[in-house]
2 protein chains.
Amino acid sequence: MPESLDRSAAQRFRAEVATGRHTGPTAGHCMGFAQANLVVLPKNLAYDFLVFATRNPKPCPIIEVLEPGNPEPALSAPGADIRTDIPKYRVYRRGVLVEEPASITHLWQDDFVSFLIGCSFTFEKPLLDAGIPVRHIELGRNVPMFITNMQCRPAGVFHGPMVVSMRPIPGRLVAKAVEVTAAMHAVHGGPVHVGAPEAIGIADLGRPDFGDSVPVYEGEVPVFWACGVTPQAAALAAKPELVITHSPGHMFVTDVPDSEVQDFITGMGGFRGGRG
Amino acid sequence: MPESLDRSAAQRFRAEVATGRHTGPTAGHCMGFAQANLVVLPKNLAYDFLVFATRNPKPCPIIEVLEPGNPEPALSAPGADIRTDIPKYRVYRRGVLVEEPASITHLWQDDFVSFLIGCSFTFEKPLLDAGIPVRHIELGRNVPMFITNMQCRPAGVFHGPMVVSMRPIPGRLVAKAVEVTAAMHAVHGGPVHVGAPEAIGIADLGRPDFGDSVPVYEGEVPVFWACGVTPQAAALAAKPELVITHSPGHMFVTDVPDSEVQDFITGMGGFRGGRG
């Protein structure tokens, strides 16, 4: 861990979120700490969801499965409360968005299981460090995301297409981008597709299904990575009685440094923040 | 896949097993196809076991989670029957070995969930191909395995120490062995420890807890990889009413070529044998 990364910064940021002093998106905040997607489901759906994640590890890299009913991510952010520490949540009933609250404490049930899922933000710093430009960061936009024609392996009620994020990469840097991200297999890993968007069912790169569009310049190739929106989309497609997620762009900030996510997920290496 | 690898060979081998023509260990048989550890548990324990595997992916790389009650590995060996296609099983009741049958059809329940877990046999061919000697293969023995003082992250009733396999590697080839196996992160990945066995609680390299001992020659370093016996040991430590595993050395042979296990587990790449 770089000396400059003060781990209490993540705790302070979550406290600002919990007390309503920070209400917006989390991109660019608490740089250096891994941010995570959230999916909360009742226990009776948790097994099928975990099998879905196991069968589709590229789009669904699990950072932590919380204990049923327990809102504390004891491994990745001890002391945090998953019900208050995200700026904005989405509450879906039978697949329909019914509420976008700043806390889910009022909805909490003893049988809720929370899944924290890796996010491609984690490999953007390593890409930049390797001299690879990241267009949506340059432009201050959200990453463009597309629904593909690649089907995930289903599990129980959960099914659906893989969602990918797209970054335009100069041709001479594509191999480097593959190399850098392939090494981070615990957070999506290497690209699932390079170039030829039509081959994975993307008709128009200018019209993403989620996020913002970004231009692809002359000499650049669109490169596609599996996206953490995939499991969220699968959870919604299943239309369960109730599912809660973070609101897009409003992520959970963990105590795990980006540079240690890989070791954290595999249970190896230096991360000592958790109690596990 | 090498042209020489005839995928029907795995099916033919399983048929020999199912009909009692092959009854012994599987090492050295059906070379080139991934062999897997088996753990069968009733559904009410399957969720906790899968969380255990998710929290400890290095010792517990999941190749496939079968549908509850269904004995067919539809993804990794379509048409196979997990109840008959392993030469020898072990049946434990409350942690005690009660039976070592050649079939578990008579014990099968509609709520049984079967887990196929990756095996380090899969990276031994790549090690050999890289010019790295594998001592227990040279000597025709089983790989030595040791219980360490490294605790797995617990999940529900499942807990226990990590079990490792040990291979003595010449000092000049240790880096190469790390490189080769790290690339196969879906089957245990790189070593969890190199040298200094006492640091992980191994008092005597000559007395493994499972498997056979092998000599470590002058100039060699003992290198330790996470072992698929770990989840089996955790399942036994939990002393569930009933758990069924393969008998050590008597593995399940899948249709997945060793060279494609990585892509198979991540759901990417070329493997097209399954129906998923």
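Check the entry above for the structure.
Before going into details, it helps to say that this report is about the structure given with it. (Residues numbered from 1 in each chain as written. Chains lettered and ligands numbered in written order. Predicted model: local features only at pLDDT ≥ 70, side-chain atom pairs only at ≥ 80, totals over all residues.)

Structural alignment of chain B on chain A gives an RMSD of 0.0 Å, achieved by rotating through 180° and translating 0.0 Å along the axis. Such a combination of turn and shift is consistent with a two-fold rotation axis. The rotation axis passes nearest to the C-alpha of Tyr-47 of chain B in chain B, at a distance of 2.6 Å. The fraction of interface residues of chain B whose copies in chain A are also interface residues reaches 100%, indicating that both copies meet through the same surface. (Least-squares fit on C-alpha atoms with pLDDT ≥ 70 in both. Contact = placed C-beta atoms within 7 Å.)

Below, the discussion takes up helix H1 (residues 8–18) of chain B. Residues and elements named next belong to chain B. Looking only at H1, the buried set comprises Ala-10, Arg-14 and Val-17. The buried residues of H1 occupy an angular sector of 55° when projected down its axis, which confines them to one face. More than 90 degrees from the buried face of H1, the exposed residues found are Ser-8 and Arg-12. (Buried ≥ 20, exposed ≤ 12 C-beta atoms within 10 Å, placed from the backbone. Helix = DSSP H or I, 4+ residues; strand = E, 2+ residues; numbered from the N terminus. Arc of directions from axis to C-beta.)

All names here are of chain B. Read across the open sheet, the 4 strands follow the order S6-S7-S9-S8; overall the sheet is antiparallel. Each edge of the open sheet carries a strand with a single partner, namely strand S6 (145–151) and strand S8 (193–194). Judged from the 2 bridges that link them, S8 and strand S9 (residues 220–226) form a sheet pairing that is antiparallel. Pairing of His-193 across the sheet is with Phe-224, part of S9. Each of strand S7 (161–170), S8 and S9 touches helix H5 (residues 174–182); the most contacted strand, S9, lies at about 15° to it. Contacting S6, S7 and S9, helix H6 (residues 229–237) runs over the sheet at an angle of about 155° to S7. (Pairing = 2+ DSSP bridges. Axes fitted to C-alpha atoms, helices over the stretch in contact; angles between N-to-C directions.)

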